[in-house]
Amino acid sequence: MDSEETQASDAGRATGGLSGLFDPDRVAVVGATESEGSIGRAIVDNLVADFAGETVPVNPNYDDVLGLDCYPDIESVPGELNLAVVVVPPSIAVEAVEQCGEAGVRNVVVITAGFGETGSEGASRERELTAVAEEYDLNLVGPNSLGVMSTPVGLNATFGPENALSGSISFMSQSGAFITAVLDWANDQGIGFKDVVSLGNKAVLDETDFVEAWAEDPDTDVILGYLEGVENGAEFIDAAREATEDTPIVMVKSGRTEAGAQAVSSHTGTLAGSEQAYEAGLEQAGVLRVENVQELFDFAQILSGQPLPDSDDVAIVTNAGGPGVMTTDAVGDSALSLASFSEETLDALSGAMPDEANIYNPIDAIGDADVDRFAEALDLALADDNVGSAVVLSAPTAVIDFDDLAEVITDLQAEHGKPIASVLMGGERTDSAREILREGGIPNYFDPARAVGSLDAMVRYRNVRDREYEAPERFDVDRERAREILERADERGDNRLGVEAMDLLDAYGIPTPDGTIAETPEDAVEAAQGIDGEVVMKIVSPDILHKSDIGGVRVGVPNEDVYDAFEDLVTRARNYQPDAEILGVQVQEMVDLDAGTETIIGMNRDPQFGPLLLFGLGGIFVEILEDTETRVAPVSEREATEMVDGIRSAPLLRGARGRDPADREAIVESLQRLSQLVTDFPAILELDVNPLVAGPDGVDAVDVRLTVDREEL
Ligand code: ADP
Ligand code: MG
């Protein structure tokens, strides 16, 4: 690398990286005090406890704080400061941050609350804060943050009661209280961290920034998050997708239920996106989403402590039949499967085990098994190429010493390089064994299901890591024509469009049957004469969303009935809603419904994740069955295929009851094209093609409905 390149990349790191935040030499505490019980005091206390660098109190009311020289303002502090922690009252917090920027401090943690979480005055204060941070290009955490920690340098710039133990898990949380609770518990469990960040209101730095920073951090093995919302879904997906190529991300996203979502939005002022969008977005990003705190740390521990398994097949070694069966059941519910041992392994096992033992998986070494017998069985199982991981289960017996067994498990794990989850069952008697296992990166659980769940997480992460990123395909489309069609809606002063926008689909290469909008019965007759056989006629009105509900769709109309059908459809529409705006009647080619299946492809724009694509069975089934798959657009071919294959009724599309299978590739391609359309036009707020008739030789979009945001056009 030549020197110019070196400089360029260094400069890049200096502006983009967060090393000054986690690895500062000197930290100022703006608003440091000595008064007992105050936050300004707690932060200084926490900093001086372990921090390898220098702590500099700033407060005009003190000459020194806890024996450290105190400065009246940040400007008068001599020398360079890498980080400022701001704890002054909200009324002067923005000014204090501005002074940090002025003084050249690049990293600022704003502990002060009373911003966006408190109402309109706070919200405008938060906007000022963001503007100041932008002006000075600050890495700003918070406001309303508990602070940050980084164990390698002993940095505890929080006002929490506990410091973290050192480890390789980096943890971000949108709730500061959750961090204090987690640390209290994690310290008890011996779980350590690399960095900990309380995100607060995320006025500047958010989850995406930390995912990016930790993905680059060699000391972070696992990224954990407690999130209530994602600021920018698309950016987050990109960052997480890249990070998970090397570093697993495990997240709890709260606000999963509607009640929870409401609680969240009043908590941090987060605009909650839809649950479906999160589920789809996090999955596409490769994030392991968990339901509770226990799983969060179960997964974090095993992922940070052991290598990933090469195969999904697990061996179970036990001295107790019952728990062995429980484990087997749990395997059945997971992505793992029970390994079949090779002949060689079985021979060796039958030589080593007593006759009463079961040498097939799960290996039951039976109740009188001592540590040596366990060791032998586990060694043979792990040596088998068919085995990717193991669960070791032991009930307490007179011949088993848990400490010795823990040593054996740890040694064999290291020797074979395959992950193990251990279930030494018991209370206090497992304490020291647990310690030994933990040193070896092996978690111990009382519940076999948790052990299986942890190995399952490893397999799921390995699948994430191994999946090739596939860029969304770009089709050759007529974007200009699509724009014109959308603008027509704008000219008409309406943001809702129906079948009059059928050409929009055509412009993006989604097949539609022949159709014309007739304004008079005569036009309708002429249109029908241009179409082979009977036709379908539909009322076209932006005020009528569900045409068939009001008798606004006539299927199988012969040419001679077209004139009357036109008048009948218009009369029905007038009866239904006298002031409805009627654009005409669509005369459409018939599609063979007997040979095809009515499916739906659609999109809803989520406030955080953007366009959320949907696929499911269409027609009347869609609401009843709730059998749909969603993904955040743009989708790749693989993702679109997963959507089609993922619905429960997928077998219907593969040809049930002697019918020919539907043209799967054509459905997949329509989804990809729709994905491109809604990505190209942010003005499309929602869109449904229902039904997209999927026949054996292709698809037909026979209906469309969409809403546009005229401001975005
Ligand atoms: P809406 O959803 O507003 O009621 P659609 O255009 O979806 O109106 O029509 C309702 C139903 O009529 C469809 O689900 C489909 O079963 C049938 N249908 C509509 N258009 C056609 C067509 N071109 N060929 C065959 N059947 C059709
Ligand atoms: Mg419809």
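Residues numbered from 1 in each chain as written. Chains lettered and ligands numbered in written order. Predicted model: local features only at pLDDT ≥ 70, side-chain atom pairs only at ≥ 80, totals over all residues. Heavy atoms only, no water.

## Some words on the site of ligand 1
To keep it simple, the criterion reads: Working definition: residue near molecule or strand if any one of its non-hydrogen atoms lies within 4 Å of it. What qualifies as a polar contact is a pair of N or O atoms within 3.5 Å, subject to a donor-acceptor requirement within protein and to the restriction that residues adjacent in sequence count only when both atoms come from side chains. Note on areas: Shrake-Rupley, 1.4 Å probe, and residue coverage restricted to the protein chains presented here. Under the scheme used here, helices are H or I runs from DSSP no shorter than 4 residues and strands are E runs no shorter than 2 residues, and both carry numbers assigned from the N terminus. Under the convention adopted here, Pro, Cys and the residues Ala, Val, Leu, Ile, Met, Phe, Trp and Tyr are nonpolar, Asp, Glu, Lys and Arg are charged, and Gly plus all remaining residues are polar. Start and end positions for the domains come from either an automated domain assignment or a database one.
The immediate surroundings of ligand 1 are formed by 17 residues, with Lys538, Lys547, Ser548, Glu598 and Asp703 found nearest. A distance of 2.8 Å separates an oxygen atom of ligand 1 from a polar side-chain atom of glutamate 598. Within the backbone of asparagine 690, an N or O atom sits 3.2 Å from an oxygen atom of ligand 1. Against a free-state accessible area of 540 Å², the protein chains account for coverage of 88% of ligand 1. Elements supplying a minimum of two residues to the shell around ligand 1: strand 22 (535-540), strand 24 (584-589) and strand 28 (684-695). When the residues that make up the shell around ligand 1 are grouped by side-chain class, the tally is 8 nonpolar, 4 polar and 5 charged. A domain-level breakdown of the shell around ligand 1 finds at least three residues from each of domain 3 (514-589) and domain 4 (595-712).

## So, unusual backbone geometry
Here the amide bond leading from asparagine 361 into proline 362 is cis, since omega sits at 0 degrees, within 30 degrees of zero. In this structure, proline 362 sits in the loop between helix 13 (343-352) and strand 17 (363-364). Residue proline 691 follows asparagine 690 across a cis peptide bond; omega there is 5 degrees. With respect to the helices, strands and loops of the structure, proline 691 is situated in strand 28. One non-glycine residue, leucine 66, lies in positive phi territory at about 50 degrees. Residue placement: leucine 66 occurs in the loop between strand 3 (64-65) and strand 4 (68-69).

## Re the domain arrangement of the protein chain
As assigned here, the protein chain comprises domain 1 (19-302), domain 2 (311-432), domain 3 (514-589) and domain 4 (595-712). Using only C-alpha atoms to locate each centre, domain 2 and domain 4 end up separated by 47 Å.

## Quick notes on the coordination of the magnesium ion (ligand 2)
Six octahedral donors around a metal ideally make angles of 90 or 180 degrees; four tetrahedral donors ideally make 109.5 degrees. Selection rule: Atoms are scored as donors when they are N, O or S and lie within 2.8 Å of the metal, with 3.2 Å used for Na, K and Ca; no water is included, so coordination may look incomplete. Partly exposed describes any residue whose relative accessible area lies between the buried limit of under 20% and the exposed limit of over 50%, with all areas from a 1.4 Å probe on protein chains only and scaled to the type maximum.
Coordination of the magnesium ion (ligand 2) by the protein is provided by Asn690 (O) and Asp703 (OD), with metal-donor distances spanning 2.1 to 2.2 Å. Linking asparagine 690 in strand 28 with aspartate 703 in the loop between strand 29 (698-701) and strand 30 (705-708), this pair joins segments that are 13 residues apart in sequence. On the accessibility criterion, aspartate 703 (11% relative accessible area) is buried.

## So, the packing of aromatic side chains
Note the threshold: Note on aromatic contacts: the rings of Phe and Tyr and the six-membered ring of Trp form a pair at centre separations within 6.5 Å, being stacked when their planes are under 30 degrees apart, edge-to-face when over 60 apart, and tilted otherwise.
All chains considered together, the criterion is met by 11 aromatic pairs. Between the aromatic rings of phenylalanine 210 and tryptophan 214, the centroid separation amounts to 5.6 Å while the plane-to-plane angle is 40 degrees, which identifies the pairing as tilted. Of this pair, phenylalanine 210 and tryptophan 214 both sit in helix 7 (residues 207-215), separated by 4 residues, roughly a single helical turn. In this structure phenylalanine 210 comes out as buried when scored by relative accessible area, which is 0%. Look at tyrosine 278 and phenylalanine 609: their rings are 4.9 Å apart centre to centre, the planes differ by 80 degrees, and that puts the pair in the edge-to-face class. Separated by 331 residues along the polypeptide, tyrosine 278 in helix 10 (residues 275-285) and phenylalanine 609 in the loop between strand 25 (597-606) and strand 26 (610-617) bring together distant segments of the chain.

## Quick look at the side chain of lysine 194
Inclusion rule: A contact between two residues is defined here by any heavy atoms of the two lying within 4.5 Å.
Here lysine 194 is to be found in strand 11 (residues 192-198). Here lysine 194 falls in the buried class, since its relative accessible area comes to 8%. Discounting residues that sit within four places of it in the chain, lysine 194 has contacts with Met149, Ser150, Thr151, Pro152, Gly167, Ser168, Ile169, Ser170, Asp217, Asp219 and Thr220.

## Some points on helix 3 (residues 39-50)
An α-helix turns once per 3.6 residues; consequently, residues spaced three or four apart project the same way. Defined as follows: To estimate the expected span of a helix, subtract one from its residue number and multiply by 1.5 Å.
In a regular helix each residue adds 1.5 Å, so 12 residues correspond to 16 Å; helix 3 covers 18 Å between its end C-alpha atoms and thus fits that length. Listed as buried for helix 3 are Gly40, Arg41, Ile43, Val44, Asn46 and Leu47. Buried-residue contacts for helix 3 involve strand 1 (26-30), strand 2 (54-58), strand 3, strand 4, strand 5 (83-86) and strand 9 (155-158).

## Quick look at the nonpolar core
Side chains that are nonpolar tend, in soluble globular proteins, to be buried together. Selection criterion: Throughout, nonpolar core names a set of buried Ala, Val, Leu, Ile, Met, Phe, Trp, Tyr and Cys residues whose side chains join them through atoms within 4.5 Å.
Leu21, Leu155, Met172, Val197 and Phe210 are the most contacted members of the largest nonpolar core, which totals 48 residues. Residues from two domains meet in this core; each of domain 1 (19-302) and domain 4 (595-712) gives at least three. Those residues in contact with phenylalanine 210 that sit more than four places away from it in its chain are Leu18, Leu21, Phe22, Val141, Met172, Val197, Leu199 and Leu205. Formed by 46 residues, the second largest nonpolar core is a distinct cluster that contains Ala650, Leu677, Ile684 and Ala701.

## Focus: the sheet that holds strand 6 (residues 107-110)
For clarity, the cut-off: Pairs of strands are assigned from DSSP output, requiring at least two bridges between the strands. Angles shown run from 0 to 180 degrees and are taken between the N-to-C directions of axes, each axis being a line fitted to C-alpha atoms and, for helices, limited to the stretch in contact.
Strand order across the open sheet formed by 5 strands is 2-1-5-6-7, with parallel pairing between neighbours. Of all strands in the sheet, those bounded by a partner on one side alone are strand 2 and strand 7 (139-141). Neighbour-to-neighbour, the strand axes of the sheet open up by a mean angle of 20 degrees, direction not taken into account. Inspection of the sheet shows strand 6 paired to strand 7 by 3 bridges, in the parallel sense. Note that in strand 7 the partner of valine 109 across the bridge is valine 141. Along the sheet face, helix 3 touches strand 1, strand 2 and strand 5 and points at about 165 degrees away from the line of strand 1.

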